[in-house]
Amino acid sequence: MKFALAALAGISSATVMNKMDYEFMKFVTNFAKFYETVEEFEARKEVFALTASNIEELNSRNTFMTAGHNQFSDWSDAEYTNFLSYRPKNTYRTQEPTILDTSDLPDSINWIEKGAVNDVQDQGQCGSCWAFSAIAQMEGQHFVQSGKLLKLSEQQCVDCDTDSYGCSGGW
């Protein structure tokens, strides 16, 4: 039996649920988390509490942003680092860049204010940042050329580009 639902029943039947238990169970529900054992549940709750503490401390130091929980809030630093670690294959080709004249460029342009940028997305567990960056660039360039912001498909790049390693990274 998956432990999360049993834990919810156990915690909710206790006389008082502390704030951290409540926040953790909200997290478990919101992100459909399931833990196989009591030990895993307790370990994940401890990691979540540490993450919550880090978020609170970060938010107390910053007025320009607000951090919050996401689907990784019960992951250890080692798990998260391993998830994000890119491992390139030895078959990459190198190419010399072409240097372009930049003397006539403005100091800055805010493409978000101009309407050339779609909303931020979550690539999930697929290492497909290459597809997201390529598609965002094409969407922005189409906007510059036509004045219309399209939403193109990152998934199509991941599925169809056999040279960029799909969910295992790319360029």
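To keep things clear, this report deals only with the structure shown in the data block. (Residues numbered from 1 in each chain as written. Predicted model: local features only at pLDDT ≥ 70, side-chain atom pairs only at ≥ 80, totals over all residues. Heavy atoms only, no water.)

### A closer look at unusual backbone geometry
Reasoning step 1: Within the chain, A32 stands out as a residue other than glycine whose phi angle is a positive 50°.
Reasoning step 2: Mapped onto the secondary structure, A32 falls in the loop between helix 2 (19–30) and helix 3 (38–61). (Helix = DSSP H or I, 4+ residues; strand = E, 2+ residues; numbered from the N terminus.)

### Considerations on the state of the cysteines
Reasoning step 1: Taken as a whole, this structure holds 0 disulfides when the rule is applied.
Reasoning step 2: Free of any disulfide, C160 has its nearest cysteine sulfur in C157, 8.0 Å distant. (Disulfide = S-S within 2.5 Å.)

### Brief notes about the environment of S128
Reasoning step 1: Here S128 lies in the loop between helix 5 (111–114) and helix 6 (129–146).
Reasoning step 2: On a C-alpha basis, the gap between S128 and E154 in space is 8.2 Å, while along the polypeptide they are 26 residues apart.
Reasoning step 3: Other than its neighbours up to four places away in sequence, S128 contacts Q123, V158 and G166. (Contact = heavy atoms within 4.5 Å.)

### Considerations on the nonpolar core
Reasoning step 1: F24, M25, F27, V28, Y35, F41 and F48 together form the largest nonpolar core, which totals 7 residues.
Reasoning step 2: For this core, the secondary structure elements donating two or more residues are helix 2 and helix 3.
Reasoning step 3: No other element matches helix 2, which puts 4 residues into this core.
Reasoning step 4: In terms of nonpolar packing, the next biggest core, distinct from the first, is built from 6 residues, C126, A131, C157 and V158 among them. (Core = buried A, V, L, I, M, F, W, Y, C linked by side-chain atoms within 4.5 Å. Buried < 20%, exposed > 50% of the residue type's maximum accessible area, 1.4 Å probe, protein only.)

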